[in-house]
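# Overview (structure and organization)
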Amino acid sequence: MADNETLECITEHERILQEIESTDTACVGPTLRSIYDDQPNAHKRFMEKLDARIRNHDREIEKMCNFHHQGFVDAITELLKVRTDAEKLMNQVTDTNRRLQDAGREVTSQTEEVIRCRIQQRNMATTVEKLQLCIPVLEMYSKLKEQLESKRHYAALKTMEQLEKVYIPRVSQYRFCQIMAENLPRLRDEIKDISMSDLKDFLESIRKHSDKVGETAMRQAQQHRTFNSAVAKQASMGHYTKPVYCINGRTHTEIGMMMDDDTGDEDEADDEILAAQDLVDFSPVYRCLHIYTVLGDRETFENYYRKQRKKQARLVLQPQANMHETVEGYRRYFNQIVGFFVVEDHILHATKGLVTRAFTDELWNMALSKIIAVLRTHSSYCEDPDLVLELKNLIVIFADTLQGYGFSVNRLIDLLFEVRDQYNETLLKKWALVFREIFEVDNYSPIPVETEEEYKLVVSRFPFHDAEIEKQDFPKKLPMSQSVPQIYMQVKEFIYASLKFSESLHRSSTEIDDMLRKSTNLLLTRTLTSCLQNLIKKPHIGLTELVQIIINTTHLEQACRYLEEFISNITNISPETIHTTRLYGLSTFKDARHAAEGEIYTKLNQKIDEFIQLADYEWNMVESDGRASGYLMDLINFLRSTFQVFTHLPGKVAQTACMSACKHLSTSLMQMLLDPDLKQISMGAIQQFNLDVIQCELFASSEPVPGFQGDTLQLAFIDLRQLLDLFMVWDWSTYLADYGQPTCKYLRVNPAMALALLEKMKDSSKKNNIFSQFRKNDRDKQKLIETVVKQLRSLVNGMSS
């Protein structure tokens, strides 16, 4: 058993040795480790086996060396022979190496230089590559700076956006890019502040120059309107042959005319061709809007702009205190408003949403209410019709201008009707002064006409036709005074002036006709009537003047139909049209004539009263003078000469005046006789009074004014006559017996009047004993008077009960 193990161990050791001899040194480890892993004492036995193997190999090496020793000796011998040659070769090689080193040293230095250059080239290429990434960023930033310096803020914002989104991210690792990125928000805020400052400057500028914009817009609207009117007129006349086109509100023809008128002033011509909105540089608004839009703060900008424009609108709508004094005040006011809304209209259409139609409509409605209130207030202060007319023209142009920009102007058109009423009021005031001046300078005498030319001149100014006067030889007189043709001409001038307001209002002929007739009626019924009434009431207007005024009003009344024809010729509306307003001249002049007639009656009565105040009766005289009183004869002579003038009065005016004068004279004499202050009256005074009444009756019977039938005029004195006859005849028995009967002789004698006069005589008889010739019968007479007095008193008491 032990032998077997030993054999196996020996066999294993052989195998290991073979592996060690045939295996690389690096792989010997595992083989050697297997030796230590075997049975105990294996290492020792292996070492023994290894030593045996080494000795075996040494013997083989020795045998081989012995076999090859002679060859080795021979080789050494040969090698020694080569040694000399080797030394020579070594020297040559050393020399060659030295020379090669010397030659390669320069190559080495150049190679190093090449290496350095290559490194530099590589660095430069890297630098160029990095710079190529950085240069666009720097260029964009430089471009940004230039844009900021040139105030191209919107472009600068676009550049910032490109820097942030495209360029800076490419080179964000560099510090300068970080500085740029940190600086961009600050630049944005600066741009925002600058753009807002530009907007404020724009708002301030447009506030100052809105009147210029408005003036241009209104001038272009007026020229366009004038041109359209001219074209319409030419078309209606059949002379319109060429088409006309417009440039910025002007026609080609107008521009040509302007160039012909002022070819030397090219700048002015250029300004004329520009539209109103072209006068304004809106770029600050656009820039600011774009900037805030890009910055995402558009709503803030819109709110700020609208708020500021509302404030400016309120400022624009504030008128100057003395605006109503001159047309320039109104023009500046309208120019500013038009300029404001022209700008807003342009902003509305040029921007998207900065202002809306609802916003501009709100502003316009607010402005319209303020404008109408201002015009109502200031126009009411205006007393010059020319200024009111110019105001109307400005309102029309103002409305046309804004209507052309899309604003509703219906309320302005309605306002024109109020302005028209104000215009008519100023015209009426102006013509009131004209009428007063005409009446002041009139001599109230018939117009003398010396020649045919003078007659034609008067007839050309006033429609006078009288066959009898035309047949008369020159010189001759026309019945009216100088004021009649002047009044007629002034009424026509008033119609022309009133017509001016209707120009350019696009009203129909019917409306214009109605307006002219109504305003003319106001002139006749209010202004002229008032002037006539004041004239008639003036103290210095005498009876002769009043007679002439009545004659004048008659002719003016007859001329009213010619005024109606005059208006119809202007408006081409037939006076027979059912809706045509008639002139109130007939009633107007009738009223004036009636007032003049009443004033004639009043002045006649006043004159009669003046004469009666001169009466100086001796109420206790025993006998009359046998002739009429002097004051009464003077009064009758005055009435006779006055009524001769009245023959020119139309109709029954003279007859009425004569009857009125006689009745007033009769009443005044009756009041004088029955005056309560007159306590006593004698029979002689009654006889004297009777003589005066007889003269009055003779005057009445002499027919001072033709046309009375029978003794109509004498009846004015019937009350006096019957009363005086009763006392003169002393016919009390008849009076008392027939009292109350229709056929009574003293029907017109009132018991109260008879009683009052009888008591005056009773007192006189007691004091003066007027019945002295009947002394024997004094008591009977006194008893009779007392009896009559009692009966009269009973009659008076019966009437009162």
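Here goes a summary of the coordinates provided. (Residues numbered from 1 in each chain as written. Predicted model: local features only at pLDDT ≥ 70, side-chain atom pairs only at ≥ 80, totals over all residues. Heavy atoms only, no water.)

What follows covers unusual backbone geometry. Cis peptide bonds are those with omega within 30 degrees of zero, and the linkage from phenylalanine 474 to proline 475 qualifies with -5 degrees. Counting through the fold element by element, proline 475 comes out in the loop between helix H15 (467-471) and strand E4 (476-478). Within the chain, tyrosine 444 stands out as a residue other than glycine whose phi angle is a positive 55 degrees. As for its placement among the helices and strands, tyrosine 444 is situated in the loop between helix H13 (410-441) and strand E3 (447-449). In this structure, tryptophan 730 takes a positive phi of about 60 degrees despite not being glycine. Position of tryptophan 730 among the secondary structure elements: in the loop between helix H24 (718-729) and helix H25 (732-738). (Helix = DSSP H or I, 4+ residues; strand = E, 2+ residues; numbered from the N terminus.)

A word on the pattern of salt bridges. Opposite charge on two side chains lets them pair, provided their charged atoms get close. Applying the stated criterion across every chain yields a total of 26 salt bridges. Arginine 116 is paired through a salt bridge with glutamate 113; the nearest N and O atoms lie 2.0 Å apart. A residue pair is termed a helical-turn pair when its members lie 3 or 4 positions apart in one helix, as arginine 116 and glutamate 113 do in helix H3 (residues 42-149) at three residues. For arginine 116, a relative accessible area of 40% gives the class partly exposed. With relative accessibility at 38%, the residue glutamate 113 sits in the partly exposed group. Ionic pairing is found between aspartate 513 and arginine 517, a salt bridge with its closest N-O pair at 2.7 Å. One end of the pair, aspartate 513, and the other, arginine 517, are both in helix H17 (residues 509-537), four residues apart, so they sit about a helical turn from each other. We classify arginine 517 as buried; its relative accessible area is 0%. (Salt bridge = Lys/Arg side-chain N within 4 Å of Asp/Glu carboxyl O. Buried < 20%, exposed > 50% of the residue type's maximum accessible area, 1.4 Å probe, protein only.)

Another point: the packing of H3 against helix H4 (residues 153-167). At a closest axis distance of 8 Å, the pairing of H3 and H4 adopts a crossing angle of 160 degrees. One element, H3, and the other, H4, form an angle in the roughly antiparallel class. H3 and H4 meet at a crossing whose hand is left-handed. On H4, the residues touching Pro136, Val137, Met140, Tyr141, Lys143, Leu144, Gln147 and Leu148 of H3 are His153, Ala155, Ala156, Thr159, Met160, Gln162, Leu163 and Tyr167. Its residues assigned to classes, the contact of H3 with H4 comprises 11 nonpolar, four polar and one charged. (Axes fitted to C-alpha atoms, helices over the stretch in contact; angles between N-to-C directions. Parallel < 35°, antiparallel > 145°, perpendicular 65-115°, else oblique. Left-handed = near helix turned anticlockwise from the far one by under 90°. Contact = heavy atoms within 4.5 Å. Nonpolar A, V, L, I, M, F, W, Y, C, P; charged D, E, K, R; others polar.)

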